[in-house]
Amino acid sequence: MIEEKRLVTEMSEKKEAVVSSTEQVNTYRAQRLENMEKLAALGYKPFGRAWPRSGRLTDIRARFEEGKKVAVAGRLLTIRDIGKAVFADIYDGSDRFQIFVKRDRLSETAFQAFKLLDLGDHIGVEGELFVTRRGEQSIIVENWEMLSKALLNLPEKWHGLQDTEERYRKRYLDLIANPESRDRFNKRIAIMREIRAYLDARGYQEVETPMMQPQAGGAAARPFTTHYNALDATMFMRIAPELYLKRLLVGGFDKVYEIGRNFRNEGLDRTHNPEFTVLELYEAYGDRLSMKAVIEGLIPAVAQKVLGTLKMVMPTADGESEEIDLTPPYREVAYKDLVREKMGKDWFNLDDNEARKRAEAAGVEVDDEMNHLLITPEIYDKLIEKTLRQPTFVIRLPKQFVPLAKTCEDDPELVDVFEFVVGGKELCPGYTENNDSLEQRIRFTEQVGENQERLDEDFLTALEHGMPPAGGLGIGLDRLVMLLTGTDVIRDVILFPQLKQRS
RNA sequence: GGGGGUGUAGCUCAGUCGGUAGAGCAACUGACUCUUAAUCAGUGGGUCCACGGUUCGAGCCCGUGCACCCCUACCA
């Protein structure tokens, strides 16, 4: 008892200072501090240590057995005090569970101390499993311990945390207060695990390549810049792992993948976060078709395993929702056929002037400078892509789209790639990779123009040692999670999305 | 970048015509030994996002700024 009193009276000056100076000083916090001291005086130290559990609450529920002694822990979410007994719910991240504190089942001190607890406090309890008259599985508490004092209030128990900004800035509160948010992230974790399990089982090896690179290559995007003090050198956060994974193909890895973060120095909106997670995969001696096989195997396998169904429900722009069926095989259609379907069989025979007229008639804005080559992609982006709701491989794309891929054998103006489109949005490109080291050198040199120092000479050298023919693909995993969890906001599938600093 | 919306108690939200700031949950006091959004009685709680302006008087009207949301544009 003496020791506990010391805890109260000899609280270090530093702690005293924190107690009084924290910006969040308010009456709630003051009350909680007072309760904390009262508890300490009764022998309950506010910030406890390890509390061995006989299981997580979800396990306790799964292996429920009346009369069994258990030890569990969790955060108090609700308290229903009915005088000489108290019901409360605790949450340990796995499940909520009701505990029952009955005056005649524990010491007077332990009972009185329990009444000093606040919502949000972490406690450990020991007791016996039983079922209430209303049929709820519960624990009757025989002993309990303070594990962590909460000095600040939880969000409202019924409505949860609604303010979108607060949900992103204080994700920890969102996770406590909104079960559907926690559930969505549990699914994300499961999706990641199943992707790895699927690929690992088929002989793909997961690798890690640099996120800080002297040149940021592999995609057309502005990189974030950083500085390496020891070398006094400018470094870039990667915009894609592609060029390193291809080095590994040269080095003899024949089936590799990487799951990791890309960083792009761009704006943010409901489908873009500046750092986002991708799966990039390469398979030596493969091509576009082997990548198609990976997609048609991986996506349904993950959906089935994690969600138990291949029928997704996605919100649409008009506030309705639609069903998306992930059962393979998926539709495959040539880019030009889609355009002809929309704009007429003779579309590609029109001259620029006629094409402009017809495009405008279809509701696409084009200016006088635009020729056929520029109008067609505009048609695709504005009119066609959004209509591809069910999973679709768009193949045989114009070379201008993907200059680094291999051309189609029967048409040098088209590249042998696909864009995998679901719900009207591109989810994933798949390529027959170009392994022609001389052509790559020419293209890279053209691309960097005057800035020859940006040429990734090391990569080009690697290619000249010979890269096997290969198929490659990249899936934006945040967007895959959006598809599989039926959400249309990327911030809802990223634990800590990027937000502006608040002063 | 352009247009629209939102910002009020710890949380969820009302706030009429410009005239003393409201409810539910949470909190505090009391009652209650099977409650589960516990119930019942009572009490306290506000930088109305920030700064400036109009006015005798501003949560409300005007201006500027900040953050978030939606639409749109840009970007892959």
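Residues numbered from 1 in each chain as written. Chains lettered and ligands numbered in written order. Predicted model: local features only at pLDDT ≥ 70, side-chain atom pairs only at ≥ 80, totals over all residues. Heavy atoms only, no water.

(A) Focus on the packing of aromatic side chains. Applying the stated criterion across every chain yields a total of 10 aromatic pairs. A centroid spacing of 4.3 Å and a plane angle of 15° characterise the contact between Y44 and W144, whose relative ring orientation is stacked. Of the two residues, Y44 sits in the loop between α3 (27-41) and α4 (57-62) while W144 sits in strand β5 (residues 137-148), which places them 100 residues apart along the sequence. Comparing Y44 with W144 shows no difference in burial state: the two are buried. A network of ring pairs unites the aromatic residues Y330, F393, F418 and F420 as a single cluster. Across from the ring centre of Y198, 3.6 Å away, lies the NZ or CZ of R202, which sits over that ring. For the cation-ring pair, R247 lies above Y244, with the distance from its terminal atom to the ring centre recorded as 4.3 Å. (Phe/Tyr/Trp six-rings, centres within 6.5 Å; stacked < 30°, edge-to-face > 60°. Helix = DSSP H or I, 4+ residues; strand = E, 2+ residues; numbered from the N terminus. Buried < 20%, exposed > 50% of the residue type's maximum accessible area, 1.4 Å probe, protein only. Lys NZ or Arg CZ within 6 Å of the ring centre and 35° of its normal.)

(B) Representation of the protein's contact with RNA strand B in the model. As a structural note, the neighbourhood of RNA strand B is formed by 44 residues, with Q31, K157, E165, R264 and R491 the closest of them. Atoms of RNA strand B within 4 Å of the protein belong to the sugar or the phosphate in 57% of instances, the rest to bases. Separating a sugar or linking oxygen of RNA strand B from a backbone N or O atom of E156 is a distance of 3.0 Å. Within the side chain of R169, a nitrogen or oxygen atom sits 3.0 Å from a sugar or linking oxygen of RNA strand B. The set of elements that each furnish at least two residues to the surface near RNA strand B consists of α3, β1 (69-81), β2 (85-91), β3 (96-102) and α6 (164-169). In terms of residues, the surface near RNA strand B owes the most to one element, α6, which gives 4 residues. A breakdown of the residues in the surface near RNA strand B according to their chemical character gives 12 nonpolar, 12 polar and 20 charged. (Near = heavy atom within 4 Å. Polar contact = N/O pair within 3.5 Å; in protein donor to acceptor, adjacent residues only side chain to side chain. Nonpolar A, V, L, I, M, F, W, Y, C, P; charged D, E, K, R; others polar.)

Any link to function would need more than the numbers given here.
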